[in-house]
Every structure is written in structure tokens, then in C-alpha cells.
Amino acid sequence: MAKAGDKSSSGGKKSLKRKAAAEELQEAAGAGDGATENGVQPPKAAAFPPGFSISEIKNKQRRHLMFTRWKQQQRKEKLAAKKKLKKEREALGDKAPPKPVPKTIDNQRVYDETTVDPNDEEVAYDEATDEFASYFNKQTSPKILITTSDRPHGRTVRLCEQLSTVIPNSHVYYRRGLALKKIIPQCIARDFTDLIVINEDRKTPNGLILSHLPNGPTAHFKMSSVRLRKEIKRRGKDPTEHIPEIILNNFTTRLGHSIGRMFASLFPHNPQFIGRQVATFHNQRDYIFFRFHRYIFRSEKKVGIQELGPRFTLKLRSLQKGTFDSKYGEYEWVHKPREMDTSRRKFHL
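None of these values were measured; they are calculated from a predicted model.

Trainee: Would you explain the overall build of the protein chain in this entry?
Mentor: In terms of helices and strands, the protein chain carries eight helices and eleven strands. Across the 349 residues of the protein chain, 33% fall into the buried class. In the protein chain, once contacts between residues fewer than 6 apart in sequence are set aside, the share between residues at least 24 apart is 63%. Of the roughly 23700 Å² of accessible surface on the protein chain, a fraction of 52% belongs to carbon and sulfur atoms.

If you want it as C-alpha cells, here you go:
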């Protein structure tokens, strides 16, 4: 009988402890919200010592509660400081100091020695003698062949068809069992200036090969985040046959300059502004984002844009001299992750 009494007494003590812990949690929650009971203000939670960390609290519920309250306090302090700074700037007016530039990975980029200076004589000479000089001198007009990997699926085929409506004077040919080494001589014989190959994996486009004819160079890109026209929300009507404008953003190094010139040579040099269509290649942290828009001037200061599609993202894997040759080709640049991706602030384009 005594043993049973001991068990019941120990069980009662445990239940009292649990009840006391629950009441303590309720008091802590009520203190944060300013809750009152019978007109009496509950006691405020005790402040932690300066060196104390919330992670040292052993009880999970208590730790989560205190962390939530700490986050709320941080947000309130940040918002109050922001409002105070805004009032001070409004009071100072034109005498207000300039806003500080926030630190980002882009503006903390490691300086690259190959950054292009537009006034450099060596860069100007290279541009006048490279493989794209005849295009920029308007001696040749682009003619593009767009093809796919062997036996493509529907999504890749639709991407090629939509690209042909973006790039003027481009032709889509479906490839079945024909090697690229045999396709390239046929393209040269038929006066094609560029060859675009869309590769796929698991029925999804995952790679793009851009080869400038007849003497190269050839760039190999990884393709991701592909969105066809039907998958883009609030897209505009299908593009017209007008020659679009082209925008190249942030291709600053010698390598990036070469890639930018490759993209520019795909489009005719005389855009038709009446179509209000623009193709954008935006480089950010070595990722090239492609977008196709139609714009309209709503007023002198406001411009409305409407995406037409498709959209995708490219990542340069290699740049090869000459046309495509997987065995004996000479590479100008190859992406090596273990050697080149050691710093998040180091970019190559």
C-alpha cells in the first residue's frame, strides 16, 4: 500500500510541475502582448544577461517562444529606425546626404584584368579583324539554321519554332541521325552564317550550341529555366515579323565581349523600331538571361512592357576556336568549377 501511495504522490508532483510550467509559458506570452487578468498587469519577463543566447534554453517551446519575440522586437526596431531616417531626410530636403549604396555581390565583384576599355586601341583592332567584323561592317547579313538533338521531343521542337519567330531570317530543320560534322559543311554551302543546336535531356531542353560559320568560334551553354509562351503569365500577342532591337547588358570582360558579339551577330543590324520589339541578353553573375518584350510609350516618363516569350537562362561552359569539333577542337576557354568557382565574387563574363 505504501508503494502505491508513493507512486500516486510522485505522479501528483509531476502534474504540478507540468501545470506550473504551462502557467509560466502563458505568463510569458501574456507579458509580450500586454494581456491583463482581472485588471492586474502580469509580471514582465526577466531580461537575459548580456552574454546569454536563446539557443542555450533547453525547453523547445520556451526557446521557440523567446526567439519569436526577439524577431518581432528586431522588426519593430528596424521599422522605427527606417521611419526616423525618412523623417530626417524629409526635414533636410535638398541638404540630405546621399543614400548609402547597399553592399551586393555584384558591386563587390573582384576586379578582372581583362575588363574591356572601349577606348583601348588593342580592343578596337581585335573588333575590326575578328570573325564578326563583316557583320558589324554590314558586309554580310545573318542567316541562321536552328536544329535540335537527335529525335527531339515536343517541348524542344516548340522552343525551336518560337526562337525562329524571334530571330529574323532563321530556319528550323529537324535532325534525325545526322552528325553535326556533316551538318556544318552543308550549312556553309548554303550560306548560313550561324548554327544553333538545342540539346535536351529527359524531354527538357538543357543545352545550346552556338557556332559561327564558316570559321567559328563555337560556344557551348547550359540551358535552364526554359519557359515557352503558353507558360508565361500575362504575355502579349505573338511577335510580328519586324526586326527587333537587341540589348546586351553587362558583358564587360574580353570573354564576355566575344560572347556579346556572337549574340549580336544573330540579329540584323537595322532594327525596325516601328515593331517596338526588343530582345535582351542580360548577364548577371555569369548567368545570361534571355527575354523578349514589346514596349509602348505611355507618356514622356512611363514605358509599358509586355513579355512575348520564350525565356531561358544560359551558362557558358566552353568557347572553342573554329566550328564544332568534340575530339580535336582547340578551346579558348573552358569552365572548371573547382578552380574557377572558389570565390562568389569572381565572374568571368
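This is not the end of the story, as more comes after the structure.
Trainee: Help me understand the nonpolar core in this model?
Mentor: In summary, soluble globular proteins display a tendency toward joint burial of nonpolar side chains. Counting residues in each nonpolar core, the largest one holds 37 residues, and the members touching the most others are Ile196, Phe221, Ile259, Phe263 and Ile288. The next biggest cluster of nonpolar side chains, apart from the first, holds ten residues, and it includes Leu145, Leu180, Leu195 and Leu213.

Trainee: Teacher, can you tell me more about a nonpolar patch on the surface here?
Mentor: A cluster of nonpolar side chains, namely Phe297, Val303 and Ile305, defines an oily patch on the protein surface of about 340 Å² accessible area. Along the chain, Phe297 turns up in strand β8 (residues 287-297). A relative accessible area of 58% places Phe297 in the exposed class.

Trainee: Would you mind showing me how to read the pairing of strand β9 (residues 303-307) here?
Mentor: Looking down a regular strand, the side chains alternate between one sheet face and the other. Examined bridge by bridge, β8 and β9 share five bridges and lie antiparallel to one another. Residue pairing across strands places Phe297 opposite Val303, the latter belonging to β9.

Trainee: In this structure, what is going on with the side chain of Arg261? I would like to understand it.
Mentor: With respect to the helices and strands, Arg261 occurs in helix α7 (residues 254-264). In this structure Arg261 comes out as buried when scored by relative accessible area, which is 9%. Those residues in contact with Arg261 that sit more than four places away from it in its chain are Glu127, Asp130, Phe132, Ala133 and Phe136.

Trainee: Looking at this structure, how should I read the pattern of salt bridges?
Mentor: Under the counting rule described, the total for this entry stands at nine salt bridges. With its nearest N and O atoms 3.5 Å apart, the salt bridge here joins Asp238 to Arg235.

Trainee: Hey, could you run me through unusual backbone geometry in this one?
Mentor: Most of the time, phi is negative for any residue but glycine, and the peptide bond is trans. Backbone torsion omega between Gly216 and Pro217 reads 5°, so that peptide bond is classified as cis. Turning to its location among the elements, Pro217 is positioned in the loop between β4 (204-212) and β5 (218-227). Of note, Ser225 is a non-glycine position whose phi angle comes to about 55°, a positive value. Position of Ser225 among the secondary structure elements: in strand β5. Taking relative accessible area as the criterion, Ser225 reaches 46% and is therefore assigned partly exposed.

Trainee: Explanation requested: α7 in the structure shown.
Mentor: It helps to recall that an α-helix has 3.6 residues per turn; residues three or four apart then point in one direction. A large share of α7 lies buried, amounting to eight of its eleven residues. Residues Leu255, Gly256, Ile259, Gly260, Arg261, Met262, Phe263 and Ala264 constitute the buried set of α7.

Trainee: Even after reading the chapter, I still don't get the packing of helix α3 (residues 121-129) against α7, so can you show me in this structure?
Mentor: Following both chains from N to C, one finds α3 and α7 inclined at 30°, their axes separated by 12 Å at the closest point. Relative to α7, the element α3 lies roughly parallel. Of the two elements, α3 crosses α7, and the hand of that crossing is right-handed. Every residue of α7 that contacts α3 at Glu122, Val123, Asp126 and Glu127 is listed here: Arg254, His257 and Arg261. Its residues assigned to classes, the contact of α3 with α7 comprises one nonpolar, one polar and five charged.

About the cut-offs
Residues numbered from 1 in each chain as written. Predicted model: local features only at pLDDT ≥ 70, side-chain atom pairs only at ≥ 80, totals over all residues. Heavy atoms only, no water. Helix = DSSP H or I, 4+ residues; strand = E, 2+ residues; numbered from the N terminus. Buried < 20%, exposed > 50% of the residue type's maximum accessible area, 1.4 Å probe, protein only. Contact = heavy atoms within 4.5 Å. Areas by Shrake-Rupley, 256 points an atom, 1.4 Å probe, with all protein chains shown as cover. Core = buried A, V, L, I, M, F, W, Y, C linked by side-chain atoms within 4.5 Å. Patch = residues over 30% accessible without salt bridge, like charges linked within 9 Å, V, L, I, M, F, W, Y side chains within 5 Å. Salt bridge = Lys/Arg side-chain N within 4 Å of Asp/Glu carboxyl O. Pairing = 2+ DSSP bridges. Axes fitted to C-alpha atoms, helices over the stretch in contact; angles between N-to-C directions. Parallel < 35°, antiparallel > 145°, perpendicular 65-115°, else oblique. Left-handed = near helix turned anticlockwise from the far one by under 90°. Nonpolar A, V, L, I, M, F, W, Y, C, P; charged D, E, K, R; others polar.

It is worth stressing that arrangement in space is one thing and function is another; only the former is reported here.
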